[in-house]
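For reference, the chains in residue letters:
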Amino acid sequence: MMNRLKPELVTRLALVITYFYTGYSLFTSPKSWTQFAPLWFKEALMSFNFPVDTFIQGQGVIEFILAIIFIAWFAPHRFVRWAALISALEMALILIFTGVDLTTFRDIGLLCLSLAIFLIYRERN
C-alpha cells in the first residue's frame, strides 16, 4: 500500500483537511477568528462599512472551495494549480501581516505544502 501512496496525494489531503476544517469554522464561528486579524485591517474594513465577520465568513467560503478543488481528483490541473497559488498567497500574506506568533509554524507548513502542489501542477497542462 505504501508503494502506491504518492506524496502528491498526501500533500493534497493535508490541504483538504486543513481547509475543510478552517473553512467550516471561519464560516460558522467568525467571531472566534476576529482576534487573529490585525487591528489595522479590521479598522480598514470598518472604514468601508464592511463587517469584519462578513469578511471572515467570505474567507471561510474561499477556503472551503479550495478544499473541494484539492480533494477533486478529476479537477483540471489548471484549477489545482490556481488553488495552490491562491493558498500559497494567502499563507504568505498571513505571515507578512500578522507576524511571528505561536501558530507561525502551521502557516509556514501550509505555505510549503501549497508551493509544492503549485510546482507539481505547474509542469502539467
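Structure: above.
This report concerns the structure included in the present document.

Reading the values: rules and limits
- Residues numbered from 1 in each chain as written.
- Predicted model: local features only at pLDDT ≥ 70, side-chain atom pairs only at ≥ 80, totals over all residues.
- Heavy atoms only, no water.
- Core = buried A, V, L, I, M, F, W, Y, C linked by side-chain atoms within 4.5 Å.
- Buried < 20%, exposed > 50% of the residue type's maximum accessible area, 1.4 Å probe, protein only.
- Helix = DSSP H or I, 4+ residues; strand = E, 2+ residues; numbered from the N terminus.
- Contact = heavy atoms within 4.5 Å.
- Patch = residues over 30% accessible without salt bridge, like charges linked within 9 Å, V, L, I, M, F, W, Y side chains within 5 Å.
- Areas by Shrake-Rupley, 256 points an atom, 1.4 Å probe, with all protein chains shown as cover.
- Salt bridge = Lys/Arg side-chain N within 4 Å of Asp/Glu carboxyl O.
- Phe/Tyr/Trp six-rings, centres within 6.5 Å; stacked < 30°, edge-to-face > 60°.
- Axes fitted to C-alpha atoms, helices over the stretch in contact; angles between N-to-C directions.
- Parallel < 35°, antiparallel > 145°, perpendicular 65-115°, else oblique.
- Left-handed = near helix turned anticlockwise from the far one by under 90°.

1. So, the nonpolar core
Part 1 of the reasoning: Ranked by size, the top nonpolar core spans 19 residues in total, and within it L15, Y19, F70, V80 and I117 carry the most contacts.
Part 2 of the reasoning: Going through the elements one at a time, helix 1 (7-28), helix 3 (52-71), helix 4 (77-98) and helix 5 (104-122) are the ones with two or more residues in this core.
Part 3 of the reasoning: Top contributing element to this core by residue count: helix 4, with six residues.
Part 4 of the reasoning: If we ignore the near neighbours within four places in the chain, the residues touching F70 are R12, L15, V16, Y19, V80, A83, A84, S87 and I117.

2. Section: a nonpolar patch on the surface
Part 1 of the reasoning: A cluster of nonpolar residues, L5, L9, V10, L13, I17, Y24, F64, I68 and I71, forms a patch on the protein surface that exposes about 820 Å² of accessible area.
Part 2 of the reasoning: Listing elements by their share of the nonpolar patch, those giving two or more residues are helix 1 and helix 3.
Part 3 of the reasoning: Mapped onto the elements of the fold, L13 is located in helix 1.

3. Quick look at the packing of aromatic side chains
Part 1 of the reasoning: Tallied over the full model, the rule gives seven aromatic pairs.
Part 2 of the reasoning: Note on W73 and F74: the rings are 5.1 Å apart at their centroids and 85 degrees apart in plane angle, and the pair reads as edge-to-face.
Part 3 of the reasoning: Ring pairing ties together the aromatic residues W40, F41, F55 and F97, which thus form one cluster.

4. Some remarks on the packing of helix 1 against helix 5
Part 1 of the reasoning: Contact pair helix 1 / helix 5: the axes reach a minimum separation of 10 Å and the direction vectors enclose 130 degrees. As far as their axial angle goes, helix 5 and helix 1 are oblique. Crossing of helix 1 over helix 5 shows left-handed handedness. Counting all contacts with helix 1, which are made through E8, T11, R12, A14, L15 and T18, the residues of helix 5 involved are L110, L113, S114, I117, I120 and Y121.

5. Quick word on the environment of P76
Part 1 of the reasoning: One can find P76 in the loop between helix 3 and helix 4.
Part 2 of the reasoning: By relative accessible area, P76 is classed as partly exposed at 33%.
Part 3 of the reasoning: With 61 residues separating them in the primary sequence, P76 and L15 have C-alpha atoms 17 Å apart.

6. Concerning unusual backbone geometry
Part 1 of the reasoning: Positive phi values are uncommon outside glycine, yet N49 reaches one of about 60 degrees.
Part 2 of the reasoning: Tracing the backbone shows N49 in the loop between helix 2 (39-47) and helix 3.
Part 3 of the reasoning: With relative accessibility at 72%, the residue N49 sits in the exposed group.

7. So, the pattern of salt bridges
Part 1 of the reasoning: Under the counting rule described, the total for this entry stands at three salt bridges.
Part 2 of the reasoning: For the salt bridge of R12 with E8, the shortest nitrogen-to-oxygen distance reads 3.9 Å. With R12 and E8 both in helix 1, this residue pair falls four residues apart, about one helical turn.
Part 3 of the reasoning: Judged by its relative accessible area of 8%, R12 falls in the buried class.
Part 4 of the reasoning: According to the relative accessible area criterion, E8 is buried, its value standing at 17%.
Part 5 of the reasoning: One salt bridge connects R106 with D107, and the closest N-O pair in it is separated by 3.0 Å.

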